[in-house]
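Reading the structure
Listed here are the chains, written in short residue letters.
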Amino acid sequence: MTTAPTHADLALWLVEAAEAVSGIATARHTAPPSRSHLHPVLGPLTAGPKAITALADRLEHLQAARLPTTPASLFTLASYVSALGWLTESLADLTQAVDLLVTEADQADDDGDSGVDLSAYAPQDRQAITVLAAEAALPPGLYLRLLGRALLACAEFTEACAEIIGALTEDAHRLLDESVSAVRLDGEGPDSLPTLVRSLLSRLEEAR
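About the thresholds
- Residues numbered from 1 in each chain as written.
- Predicted model: local features only at pLDDT ≥ 70, side-chain atom pairs only at ≥ 80, totals over all residues.
- Heavy atoms only, no water.
- Helix = DSSP H or I, 4+ residues; strand = E, 2+ residues; numbered from the N terminus.
- Buried < 20%, exposed > 50% of the residue type's maximum accessible area, 1.4 Å probe, protein only.
- Areas by Shrake-Rupley, 256 points an atom, 1.4 Å probe, with all protein chains shown as cover.
- Expected span 1.5 Å × (residues − 1).
- Core = buried A, V, L, I, M, F, W, Y, C linked by side-chain atoms within 4.5 Å.
- Contact = heavy atoms within 4.5 Å.
- Patch = residues over 30% accessible without salt bridge, like charges linked within 9 Å, V, L, I, M, F, W, Y side chains within 5 Å.
- Salt bridge = Lys/Arg side-chain N within 4 Å of Asp/Glu carboxyl O.
- Polar contact = N/O pair within 3.5 Å; in protein donor to acceptor, adjacent residues only side chain to side chain.

**Overview of the overall build of the protein**
Within the protein, the regular secondary structure consists of six helices and zero strands. Each helix and strand of the protein, placed in order from N terminus to C terminus, yields the pattern α-α-α-α-α-α. A buried classification covers 38% of the 208 residues belonging to the protein. Split by element, the accessible area of the protein, about 11400 Å² in all, is 56% carbon and sulfur.

Written as structure tokens, this is what we have:
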């Protein structure tokens with residue numbers, strides 16, 4: 001790259017990354033009847049790897065372009081890398097959670113309903129649960145428990161995505177701010193760091 005990118009160029013890269021993460025969080029994928037208890041996580045699980053690959057390829061392109069080592073360029077790369085790393089870790093956590101759900105479902109037997117009292121549900125809901133559980137070859141109680149854990153795993157992943165999206169957007173706004181020329185990565189206070197980096201440092205400080 002012969003000329004330095006403008007702050008608007010750098011901000012746009014972060015906004016586009018935020019949009020890609022948003023697409024993962026809202027992705028939907030049809031679940032077969034045998035896996036209907038996994039339907040909350042199938043969308044992100046399907047869209048996530050493709051989006052991460054695209055974001056990683058974009059990062060490689062940015063690095064190959066040899067951005068000038070200005071404070072704003074370094075800030076942008078640090079924000080992008082932090083977001084990509086956080087997203088990759090969050091997707092790995094989601095994948096592990098789904099693996100555990102699949103393993104538990106595959107090892108299920110018909111000895112009980114995992115302590116879930118279906119009488120608390122309306123008759124039509126009980127019937128729907130029974131049908132869905134039968135299609136998945138699971139006891140109704142276990143079906144509900146696995147579905148609940150899938151919903152929780154999806155919620156945790158979506159929450160992580162929301163944090164990543166918010167951080168990328170905030171950093172994009174900082175790049176568009178006239179004061180961004182003062183952004184530094186050499187230890188000039190925590191406000192000089194990208195949002196996710198500051199968030200991680202804050203969590204590490206709280207854990208002490």
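**Quick notes on helix 4 (residues 123–135)**
For helix 4, spanning 13 residues, the distance from its first C-alpha to its last is 18 Å, which sits close to the expected 18 Å at 1.5 Å a residue. Backbone geometry just downstream of helix 4 places A137 in the positive-phi region, at approximately 60 degrees.

**Some words on the nonpolar core**
Formed by 48 residues in total, the largest nonpolar core has its most connected members in V41, L87 and I164. Of all the secondary structure elements, the ones that give two or more residues to this core are helix 1 (7–25), helix 2 (39–64), helix 3 (71–106) and helix 5 (140–176). It is helix 5 that provides the largest number of residues to this core, a total of 14 residues. In this view, V41 contacts L94, V98, A150, A153 and C154; residues no more than four positions away in its chain are not counted.

**Let's talk about the environment of L14**
Of note, L14 is situated in helix 1. For the pair L14 and D171, spaced 157 residues apart in sequence, the C-alpha separation works out to 7.5 Å. Apart from the residues lying within four places of it in its own chain, the contact partners of L14 are T76, S79, Y80, L168, D171, A172 and L175.

**Some words on a nonpolar patch on the surface**
Together, L200, L201 and L204 give the surface a local cluster of nonpolar side chains, amounting to about 270 Å² of exposed area. Along the chain, the position of L204 falls in helix 6 (residues 195–207).

**What about the side chain of R174?**
You can see R174 is positioned in helix 5. Polar side-chain contacts of R174 include one of 2.9 Å to the backbone oxygen of L193.

**Describing the pattern of salt bridges**
Following the criterion strictly, the structure yields six salt bridges and no others. For R58, the salt bridge identified is with E16, shortest N-O distance 3.0 Å. Taken as a pair, R58 in helix 2 and E16 in helix 1 lie far apart in primary sequence, 42 residues in all. On the basis of relative accessible area, E16 is assigned to the partly exposed category, the value being 31%. Where R145 meets E104, a salt bridge forms, and the shortest distance between an N and an O atom there is 2.6 Å. Of this pair, R145 sits in helix 5 while E104 sits in helix 3, and the two are 41 residues apart along the sequence. Judged by its relative accessible area of 22%, E104 falls in the partly exposed class. Here the residues in one salt-bridge network are E104, R145 and R149, joined through shared partners.

**A short note on the side chain of S199**
Tracing the sequence through the fold places S199 in helix 6. At a separation of 2.9 Å, a polar atom in the side chain of S199 contacts the side chain of E163. Not counting the four nearest positions on each side in its chain, S199 is found in contact with W86 and E163.

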